[in-house]
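Residues per chain are reported as follows:
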Amino acid sequence: MSANELQQSSKPSNHWSAQMRWAADVAPMAVLLLGADGRLDYANASARRLAARLDATLDESDALACLLALGTDAEWAMASAQGHSRREVELRAGFTVAVEAFCGSGDNAGLRFLALTDISLRSERERQLQQRHDELERAYRSLSGAQEQLLQSEKMASIGQLAAGVAHEINNPIGYVHSNIGTLRDYMASLFGMIDAYALAMAAPDPAVHRDELRAQREKLDIEFILGDLPQLLEESREGIERVTRIVQDLKEFSHVGRNETMRPSDLIKGLESTLNIVWNDLKYKVKLDKIYSEMPAVECLPSEINQVFMNLLINAGQSITERGTITLACGQENGEAWVSIADSGCGIAEETLGRIFDPFFTTKPIGSGTGLGLAICYRIVEKHHGHIDVQSAVGRGTTFRVVLPIKQPDVADSVA
C-alpha cells in the first residue's frame, strides 16, 4: 500500500461501524482495521504511536505500512480458518510485539483487523527469569555435588576415626588364623610321618611284626589328639577368615559412593548389623549391647546412606558413655513406616541444646573431637527419604534416637503435593 493510499488511514471508513471504531480507539493495544479490499481503513492512536517507535526515519504512512505487513498471508490464512491467529515478532533487539490477526464472518465476512501489543517488557522479564532459572539450576547442581562430596567426606572421616579399631578387628582373626596355620603345619608333619610309617610296615613281608612299633609311634606323635583337634582348628580358621571377609565387605559397602545408586528394597537390620560390625571395636570395651528386633519388611531406601545414619548415631551413643553403659537397638513397623531406634545410657543432652543438635557445624564435643556435621547429615539423609528423626533425652539418663522411614517411597507427584 502506497503512502498516498494511507493518507486517510486515520480517518473513519464506511467499512467499519462507529462502535467498532470506538472500540479500536479505547483499546490499549495498536489496532489496524482493514476493509474487504485488504486496504487499511483505520489505525487507532496506539497504532500510530507504535508506528512512530518502529522507525523514526519513516513517516507515519510508511511506518503503518510496515506494521500492516506483519499480517502475513500465512497469518491471514490461519485466521480465516480459525477466526484468529497469534504470533510474537521481534522487530529489533529489545522490541517485541504480539501480532494477532482476526477475520470476520457472516455479515462481516471479508473484514479483517490486526491487534499489536508491545510485549518487550514481558519478553525481557521472561528472558531474565529464564536466565535466573538457568543460574539457579547451575547453583542447584553445584550444591547437590557439594552435598554429595560433604556426605562422602564425612563418611570417610568416620572410617578414618575408626581405622585403628577396624584394623584391630581384622588383626585379631588374622592373628589366630596365622597361629592355627603354624599348628596345622606341625600336625601335617606328624600325620605324614605316621603315613610313612604305615607305608613301610605295609611293605614289610609280615606287617604284623610292626604293630607294636606303629602303636608306640602313634602315641608319641599324639595322633588321637591331632585327629580331635584338627577339625576344631580348621573351623576356627574358617570363622576367622569369614570375620575378616565380613568386615572388609561391610567397609566396602559403607564407603560406597552412591552417585548412581537408586532406592531399592533393603534389609535395615542387615545394614544396622554390618555398620555395628565396623564400629564394634570402638564400643565393645565399655558397652553392653541389647537387641530388641522384630520382624521387618524390606524398606525402599539408599542402603549406603542409611548405614551412614546408623554409624553416626552408634558413634555418638558410644561417645556419650564414659565408662560402662548400655546401648539398646530396637526396630519395628507401623502405619506403613519402619523405625529403628538407638538408645544409650550415656550423659544425655541438655534441653537448651536439644533444639540445635541437627544444625550444621553445631557440636558439644571438645575441639578436634567432632565436626558438627554428623547429625546434620543424618537429618538430611532421612529427610531425603521422606522420613524423620525423633529424639528424646535427659541429662544423666541417656538419649534415644528413632529413625522413621516409609516402607515404600512416595511417588514423585505425591511428594510434590
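Use the structure listed above.
Described in the following lines is the structure provided in the data block.

Rules behind the numbers
Residues numbered from 1 in each chain as written. Predicted model: local features only at pLDDT ≥ 70, side-chain atom pairs only at ≥ 80, totals over all residues. Heavy atoms only, no water. Helix = DSSP H or I, 4+ residues; strand = E, 2+ residues; numbered from the N terminus. Buried < 20%, exposed > 50% of the residue type's maximum accessible area, 1.4 Å probe, protein only. Salt bridge = Lys/Arg side-chain N within 4 Å of Asp/Glu carboxyl O. Axes fitted to C-alpha atoms, helices over the stretch in contact; angles between N-to-C directions. Left-handed = near helix turned anticlockwise from the far one by under 90°. Contact = heavy atoms within 4.5 Å. Patch = residues over 30% accessible without salt bridge, like charges linked within 9 Å, V, L, I, M, F, W, Y side chains within 5 Å. Areas by Shrake-Rupley, 256 points an atom, 1.4 Å probe, with all protein chains shown as cover. Pairing = 2+ DSSP bridges. Core = buried A, V, L, I, M, F, W, Y, C linked by side-chain atoms within 4.5 Å. Bend = angle between axes of the 7 residues up to and from the residue.

**Points about the environment of Phe310**
At step 1: Here Phe310 is to be found in helix H10 (residues 303-319).
At step 2: Relative accessible area serves as the criterion here: at 1%, Phe310 is assigned to the buried category.

**Overview of the pattern of salt bridges**
At step 1: Evaluated as defined, the whole model comprises 12 salt bridges.
At step 2: Ionic pairing is found between Glu135 and Arg132, a salt bridge with its closest N-O pair at 3.4 Å. You can see Glu135 and its partner Arg132 sitting in helix H5 (residues 120-161), three residues apart, about one turn around the helix.
At step 3: What makes Arg132 partly exposed here is its relative accessible area of 47%.
At step 4: Residues participating in the shared-partner salt-bridge network are Glu235, Arg238 and Glu242.

**Quick word on the packing of H10 against helix H12 (residues 374-384)**
At step 1: Direction vectors running N to C along H10 and H12 enclose 145°, while the axes themselves pass 9 Å from each other. In this structure, H10 crosses over H12, and the sense of that crossing is left-handed. Residues Glu305, Ile306, Gln308, Val309, Asn312, Leu313 and Asn316 of H10 form the contact with H12, whose own contacting residues are Gly374, Leu375, Ile377, Cys378, Ile381, Val382 and Lys384.

**Re a nonpolar patch on the surface**
At step 1: On the surface, a nonpolar cluster with roughly 280 Å² of combined accessible area is contributed by Met188, Phe192 and Ile195.
At step 2: Relative to the helices and strands, Ile195 resides in helix H6 (residues 163-203).

**Overview of the pairing of strand S4 (residues 95-103)**
Regular strands place their side chains on alternate faces of the sheet.
At step 1: Most of S4 sits inside the fold, with seven of its nine residues counted as buried.
At step 2: Here strand S3 (residues 84-92) runs beside S4; their pairing, made up of eight bridges, is antiparallel. Bridge pairing links Val89 to Val97 in S4.
At step 3: Once S3 ends, the chain turns through two residues before running back antiparallel as S4, passing Gly94 with a positive phi of about 80°.
At step 4: Where S4 lies against strand S5 (residues 112-118), seven bridges are found, and the strand directions are antiparallel. Note that in S5 the partner of Val97 across the bridge is Asp118.

**Comments concerning the nonpolar core**
At step 1: The biggest cluster of nonpolar side chains holds 38 residues, and the ones touching the most others in it are Leu268, Val279, Ile327, Ile342 and Phe401.
At step 2: For this core, the secondary structure elements donating two or more residues are helix H9 (268-283), strand S8 (299-301), H10, strand S9 (325-334), strand S10 (337-344), H12 and strand S12 (398-406).
At step 3: The residues touching Leu268, leaving out its near neighbours within four places in the chain, are Met296, Val299, Cys301, Ile306, Phe310, Ala338, Val340 and Leu405.
At step 4: By size, the runner-up hydrophobic cluster in this structure holds 23 residues, among which are Leu40, Trp76, Leu114 and Leu116.

**Description of H9**
At step 1: The largest bend in H9 comes to about 45°, at Asn277.
At step 2: For H9, the buried fraction is high: 12 of the 16 residues fall into the buried class.
At step 3: Taken together, the buried positions of H9 are Leu268, Ile269, Gly271, Leu272, Ser274, Thr275, Leu276, Asn277, Ile278, Val279, Asn281 and Leu283.

**Quick look at the sheet that holds S3**
At step 1: An order of S2-S1-S5-S4-S3 is seen for the five strands of this open sheet, with the pairing classed as antiparallel. Both outer strands of the open sheet, strand S2 (40-43) and S3, are each paired with one neighbouring strand and no more. With direction set aside, neighbouring strand axes in the sheet form an average angle of 20°.
At step 2: The sheet contact formed by strand S1 (residues 30-34) and S2 spans three bridges and is antiparallel. Across the sheet, residue Leu33 finds its bridge partner in S2, namely Tyr42.
At step 3: Against the sheet, helix H2 (residues 45-54) contacts S1, S2, S3, S4 and S5, and its axis sits at roughly 110° relative to S1.

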